[in-house]
Amino acid sequence: MDKDTLERLRARASQHFLDSIAVKQEAEKILPEQVARGIVAMTDCLRSGGKVMACGNGGSAADAQHFAAELIGRFERERQELAAIALTTDTSILTAVGNDYSYDEIFSKQVRGLGKKGDILIGISTSGNSKNVVKAIEAAKKMGVKIIALTGNGGGKIAGLLDADDIHLCAPSTRTARIQETHLVLLHALCDGVDHLLLD
């Protein structure tokens, strides 16, 4: 590989770090209060015997599974298992509902079947417009399930579904990669806050 190509790639890699840092710095200015509200809501839910459900598509599905694993397993400290489920993992449910009904229903039917009043749904959509996440949020709200929405791009359709009782963590970016990177920080902040309230 010639030196010019390596330098060009080095500069592109460097710019990814700089862009990611800039989005996170902007998020730090606007989102910590909503994160704190989310931590309290999750802790109250878990202490009262409720559970946290999480859903999303693609990278957001991976984030949902990552988050559920950190609640069931651990984040940074040993503690009791916390009730969490990613609605993205059961291939029989996903393919049956997608085939027999619609891919748009793969999360909402699980919310109706598994959720109960007092639970929390974490809906993750970088665009804010994922139809199956929108439908899951609509189903959850009808059941008295509290919403924590992680979005970007101004929040899209999901922003219009939320009210003052819901929590909206909207990454201040329009780039999917930057939004996803910020979502990971937000999810880790939620985990850390729950552990702090439960253990300290």
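Residues numbered from 1 in each chain as written. Predicted model: local features only at pLDDT ≥ 70, side-chain atom pairs only at ≥ 80, totals over all residues. Heavy atoms only, no water.

**Observations concerning the overall build of the chain**
Here is step 1: A count of helical and extended segments in the chain gives eight helices and five strands.
Here is step 2: Written out in order from the N terminus, the α and β elements of the chain read α-α-β-α-β-α-α-β-α-β-α-β-α.
Here is step 3: Based on the C-alpha atoms only, the size of the chain along its principal axes is roughly 60 × 45 × 30 Å.
Here is step 4: Looking at the chain as a whole, 44% of its 200 residues qualify as buried.
Here is step 5: Here the analysis covers contacts within the chain between residues at least 6 apart in sequence; of these, 71% occur between residues at least 24 apart. (Helix = DSSP H or I, 4+ residues; strand = E, 2+ residues; numbered from the N terminus. Buried < 20%, exposed > 50% of the residue type's maximum accessible area, 1.4 Å probe, protein only. Contact = heavy atoms within 4.5 Å.)

**Description of helix α3 (residues 59–72)**
Here is step 1: Look at α3: 20 Å from first C-alpha to last across 14 residues, which is about the 20 Å you get at 1.5 Å a residue.
Here is step 2: Of the residues making up α3, those classed as buried are S60, A61, D63, A64, F67, A68, E70 and L71.
Here is step 3: Elements in contact with the buried residues of α3: α2 (32–47), β1 (52–55), β2 (84–86), β3 (120–125) and α8 (176–199). (Expected span 1.5 Å × (residues − 1).)

**Overview of the environment of Q80**
Here is step 1: When you line up the elements, Q80 lands in the loop between α3 and β2.
Here is step 2: A relative accessible area of 54% means that Q80 is categorised as exposed.
Here is step 3: Considered as a pair, Q80 and K116 are 36 residues apart in the sequence and their alpha carbons are 22 Å apart.

**Here we look at the side chain of T151**
Here is step 1: Mapped onto the fold, T151 is located in strand β4 (residues 146–151).
Here is step 2: A distance of 2.6 Å separates a polar atom in the side chain of T151 from a polar atom in the side chain of H168.
Here is step 3: Excluding anything up to four places from it in sequence, T151 contacts S125, T126, G128, I158, H168, L169, C170, A171, I179 and H183. (Polar contact = N/O pair within 3.5 Å; in protein donor to acceptor, adjacent residues only side chain to side chain.)

**Some details on the pattern of salt bridges**
Here is step 1: This structure, assessed with the given rule, holds 13 salt bridges.
Here is step 2: A salt bridge links D119 to K116; the nearest nitrogen and oxygen atoms lie 3.3 Å apart.
Here is step 3: The class of D119 is buried, set by a relative accessible area of 1%.
Here is step 4: Overall, K116 belongs to the partly exposed group, its relative accessible area being 40%.
Here is step 5: Residue D166 is joined to K141 by a salt bridge in which the shortest nitrogen-to-oxygen separation is 2.5 Å. Separated by 25 residues along the polypeptide, D166 in the loop between α7 (156–161) and β5 (167–170) and K141 in helix α6 (residues 131–143) bring together distant segments of the chain. (Salt bridge = Lys/Arg side-chain N within 4 Å of Asp/Glu carboxyl O.)

**Focus: the packing of α2 against α8**
Helix-helix packing is characterised by the crossing angle of the two axes and by the distance between the axes.
Here is step 1: It is at 9 Å that the axes of α2 and α8 come closest, and there the two elements cross at 55 degrees. Taken as axis vectors, α2 and α8 run oblique relative to one another. Remark: the crossing between α2 and α8 carries right-handed chirality. Within the contact between the two elements, α2 uses V35, G38, I39, V40, M42, T43, L46 and R47 and α8 uses L186, A189, L190, G193, V194, L197 and L198.
Here is step 2: Among the residues forming the contact of α2 with α8, the class breakdown is eleven nonpolar, three polar and one charged. (Axes fitted to C-alpha atoms, helices over the stretch in contact; angles between N-to-C directions. Parallel < 35°, antiparallel > 145°, perpendicular 65-115°, else oblique. Left-handed = near helix turned anticlockwise from the far one by under 90°. Nonpolar A, V, L, I, M, F, W, Y, C, P; charged D, E, K, R; others polar.)

**Remarks on the environment of G155**
Here is step 1: Topologically, G155 is positioned in the loop between β4 and α7.
Here is step 2: Among the residues examined, G155 registers a relative accessible area of 0% and is labelled buried.
Here is step 3: For the pair G155 and S125, spaced 30 residues apart in sequence, the C-alpha to C-alpha distance is 8.6 Å.
Here is step 4: In contact with G155, not counting residues within four places along its chain, are S127, G128, H168 and C170.

**A word on the nonpolar core**
Here is step 1: Counting 30 residues, the largest nonpolar core has M42, V52, F67 and I122 as its most contacted members.
Here is step 2: Going through the elements one at a time, α2, β1, α3, β2, β3, β4, β5 and α8 are the ones with two or more residues in this core.
Here is step 3: Considering each element in turn, this core owes the most residues, six residues, to α2.
Here is step 4: Setting aside residues no more than four positions away along its own chain, M42 makes contact with V52, F67, L71, I120, I122, I148, L190 and V194. (Core = buried A, V, L, I, M, F, W, Y, C linked by side-chain atoms within 4.5 Å.)

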